[in-house]
Amino acid sequence: MKPNWNGANIESELRGILAECCRRDLSQVGDDADLVRELGLDSLAMLRLLAEVEMRLEVRFPDSELTRLRTLRQFAAAIRSGGGDLLPGDSSGPSTALPEGRTP
Amino acid sequence: MRIGLIAMSGVRVRTKELAELGVTLPGFVNRGRVIASLPSLGLLTVAALTPPEVEVVYREIQDVRPEDALELFDLVAISSFTAQIDEAYALADRYRAAGVPVVLGGLHVTLMPDEAAAHADSIVVNGAEGAWPRLVEDFRKGCLKPRYEGLRAGVFRAPDYVVPRFDLLRGRPYNRITVQTSRGCPLHCEFCAASLRITSSFQQKPVELALEEIRVARGVTEHPFFELADDNTFLNKTWGKEFLRGLAPMGLSWFTETDISVADDDELLRLLAASGCRQILVGLESPTADGLAGIDPGDWKRRRCDQYLRAIEKIQSHGVTVNGCFILGLDSQTPEVFPQVRDFIQKSGLIEAQVTVLTPFPGTPLYARLAREGRLLQSRFWDRCTLFDVNFRPKNMSVEELESGMRWLFREVYNDAEYARRQRHYMELVKAGAGREDPRCGSRL
Ligand code: B12
């Protein structure tokens, strides 16, 4: 069964993932802190982080949101808003298959 | 004694429509923002070549605005690329009018020494190595010569080699630090205006020196992302593997420029990923073999063209992204090239693409040929040598077709949807395990 991400536990879950990925104590990093600046991430590192979150939480962020996601609160909101709640192939909802024209 | 080292910095586009379009395109703006703040490695090298008892002050051009009073020094040394050379000359003229002697050096000065000499008390051509210490000595004795010749070979050997003064960058907000491991490139592309023009042959730092520089440079920034200021880092695969083995334990993220042949060597690709290489920039130049005819004297790129797609896929599947560079306006290209480049970028899955226009930098074989053929739009257009402004008559299309085709392509390649598509593609590669050879993958970004 897929986890239900409507609850309030997303931020702490995300904080855990980030702390592990970045090997950093994130207790001082607020929900609204710009992660790129705070953690010194380059743009590719930010995408790797998003990919890691998608894998671990079994979600998928909308492609159009990828550049805008910079804070924990924005990550959490995108997950809660349902934009990222289903994986391709999940039969219980609308398809989020990759955009057309994507390379194999 | 106090020497002011002034770097010409920032990025430029002249054509108004393109500049306006550029700032609205996410893919374009992001790369511009990332690179706009790179330091001048040339001047950090000049600083290191300066005798230790002489004080050096490092400044970047935005620190030296025309409306401000000049910061005075005993001697001023200014570096040069072509696009901002007129600003460099204006600054040099101001200093000289204020009685401060000026030295000009760098790529543009090497390519156009006589022009530069009119704005300087002394010029240095080629690398600063082998010239700068003599110049400072002469200046102290009051016998500065009008011209010094730096080394074109043996630049990375004692006694001329020095570790650049990275410490001068401390406290400044750089998001990337540059380190050079090699100069020159044996491909000798006709248009190239990079370090190839200040060297007589390909020069490579011994692995230990390159690694030591990176160790020193990493001490000055909090989150260093390294960019190798090379033209072709992995020409020598044996050197490359030794370098990467030494780099891996440092836990860095880095970027460099090289050629497509890295895809030939699986071990090299594994080591690249394991060392934290996030992206390689490769001059693909044109999507079809015909378009590549005559680019380099050995026709190497044309022979490689049919392997481009497979090579890109292979490199990226190792977790190292490819930034593919294309040049518009090559002699063999027709207006068909614009959709061809767009299609190639989409089909290849390139994570990043850089599209520029053929630019006849002064002092290159391309400039000489186009001048001979009467195809330059003006004879002096240095502020337009930005890689985005058209300065010549293309062979198989009009100037207007080239300009409007380029704008069309920019909209196609750098718009929100395309940018998001490339980002998604990268995330899917990561999820599929690309770069898992990197022992830090998944546990450190
Ligand atoms: C880092 C970089 C930048 C940085 C530069 C930061 C800085 N202030 O130096 C930034 C991002 C700002 C930049 C901007 C631009 N860049 Co740029 N950039 C590079 C890059 C990747 C590396 C340059 C480098 O660090 N080289 C290593 C150092 C050690 O070499 P060096 O500077 O030549 O210095 C040696 C000698 O020249 C000499 N020397 C240099 N300065 C001086 C000064 C004195 C007094 C003395 C004695 C000696 C001396 O001694 C040094 C040691 O031997 C090269 C591509 C490449 N792979 O090389 C392109 C390159 C230099 N850039 C290029 C271009 C076109 C641009 C832009 C026009 C892009 C744009 N549209 O805006 C602008 C122009 C900016 C300008 N000032 O005019 C071209 C320049 C060609 C030319 N002949 O002018 C290059 C070669 C890339 C290319 N595709 O052709 N760039």
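Residues numbered from 1 in each chain as written. Chains lettered and ligands numbered in written order. Predicted model: local features only at pLDDT ≥ 70, side-chain atom pairs only at ≥ 80, totals over all residues. Heavy atoms only, no water.

**Here's the deal with the interface of chain A and chain B**
Inference 1: Contacts between the two partners involve 32 residues from chain A and, on the opposite side, 27 residues from chain B.
Inference 2: Note on chain A versus chain B: buried area summed over both sides is about 2600 Å², and carbon and sulfur give 61% of it.
Inference 3: Counting every contact that joins chain A to chain B gives four salt bridges.
Inference 4: Between Glu-428 of chain B and Arg-60 of chain A there is a salt bridge whose closest N-O contact spans 3.5 Å.
Inference 5: Taken together, the links from chain A to chain B amount to five residue pairs in polar contact (both at pLDDT 80 or more). (Contact = heavy atoms within 4.5 Å. Buried area = accessible area lost by both parts, 1.4 Å probe. Salt bridge = Lys/Arg side-chain N within 4 Å of Asp/Glu carboxyl O. Polar contact = N/O pair within 3.5 Å; in protein donor to acceptor, adjacent residues only side chain to side chain.)

**Here's the deal with the domain arrangement of chain B**
By a widely used convention, the size of an interface equals the accessible area lost when the partners come together.
Residue and element names in this part refer to chain B.
Inference 1: Each domain of chain B was delimited in the assignment, giving domain 1 (2–31 + 38–149) and domain 2 (168–436).
Inference 2: With centres defined by C-alpha atoms, the gap from domain 1 to domain 2 works out at 25 Å.
Inference 3: At the junction of domain 1 with domain 2, the criterion picks out three salt bridges.
Inference 4: Across the pair Arg-183 and Glu-129 runs a salt bridge whose closest N-O atoms are separated by 2.9 Å.
Inference 5: Breaking the side of domain 1 that touches domain 2 down by element, the ones donating at least two residues are helix H1 (16–22), helix H2 (26–35), helix H3 (41–49), strand S2 (55–60), helix H4 (85–97) and helix H5 (107–111). (Domains from an automatic or database assignment. Helix = DSSP H or I, 4+ residues; strand = E, 2+ residues; numbered from the N terminus.)

**Some words on the nonpolar core**
Inference 1: Formed by 132 residues in total, the largest nonpolar core has its most connected members in Ile-78, Leu-104, Trp-132, Phe-243 and Trp-254 of chain B.
Inference 2: Here this core takes seven residues from helix H15 (residues 399–414) of chain B, the largest share from any one element.
Inference 3: When we break this core down by domain, the ones giving at least three residues each are domain 1 (2–31 + 38–149) and domain 2 (168–436) of chain B.
Inference 4: Here Leu-104 of chain B is in contact with Ile-78, Tyr-89, Ala-92, Val-109, Ala-116, His-119, Ala-120, Ser-122, Ile-123 and Val-124 of chain B, once residues within four sequence places are set aside.
Inference 5: In this structure, Leu-49, Val-53, Leu-69 and Ala-78 of chain A belong to the second largest nonpolar core, which totals 35 residues. (Core = buried A, V, L, I, M, F, W, Y, C linked by side-chain atoms within 4.5 Å. Buried < 20%, exposed > 50% of the residue type's maximum accessible area, 1.4 Å probe, protein only.)

**Considering the sheet that holds strand S12 (residues 277–285) of chain B**
Backbone hydrogen bonds hold the strands of a sheet together, and the pairing may be parallel or antiparallel.
Residue and element names in this part refer to chain B.
Inference 1: Strand order in the open sheet formed by six strands is S7-S10-S11-S12-S13-S14, with parallel pairing between adjacent strands. Either end of the sheet is taken by a strand with one partner, and the two such strands are strand S7 (177–179) and strand S14 (352–357). Between one strand axis and the next, the sheet turns by 20° as a mean value, whatever way the strands run.
Inference 2: In this sheet, strand S13 (residues 321–328) lies alongside S12 in parallel orientation, the contact comprising six bridges. In the strand pairing of S13, Ile-280 is matched with Val-322. (Pairing = 2+ DSSP bridges. Axes fitted to C-alpha atoms, helices over the stretch in contact; angles between N-to-C directions.)

**Structural notes on H15 of chain B**
Residue and element names in this part refer to chain B.
Inference 1: If you check H15, its first and last C-alpha atoms are 22 Å apart, about what 16 residues at 1.5 Å a residue would give, namely 22 Å.
Inference 2: Of the residues making up H15, those classed as buried are Val-399, Leu-402, Gly-405, Met-406, Leu-409, Phe-410, Val-413 and Tyr-414. Buried residues of H15, viewed axially, fall in a sector of 140°; they line one side. (Expected span 1.5 Å × (residues − 1). Arc of directions from axis to C-beta.)

**So, the site of the ligand**
All names here are of chain B.
Inference 1: Looking at the ligand, there are 45 residues lining it, with Arg-12, Thr-82, Gln-84, Glu-129 and Thr-386 nearest.
Inference 2: Note that a nitrogen atom of the ligand is positioned 2.6 Å from one of the side-chain N or O atoms of Gln-84.
Inference 3: A distance of 2.8 Å is found between a nitrogen atom of the ligand and a backbone nitrogen or oxygen belonging to Thr-386.
Inference 4: Broken down by class, the residue content of the shell around the ligand amounts to 25 nonpolar, 14 polar and six charged. (Near = heavy atom within 4 Å. Nonpolar A, V, L, I, M, F, W, Y, C, P; charged D, E, K, R; others polar.)

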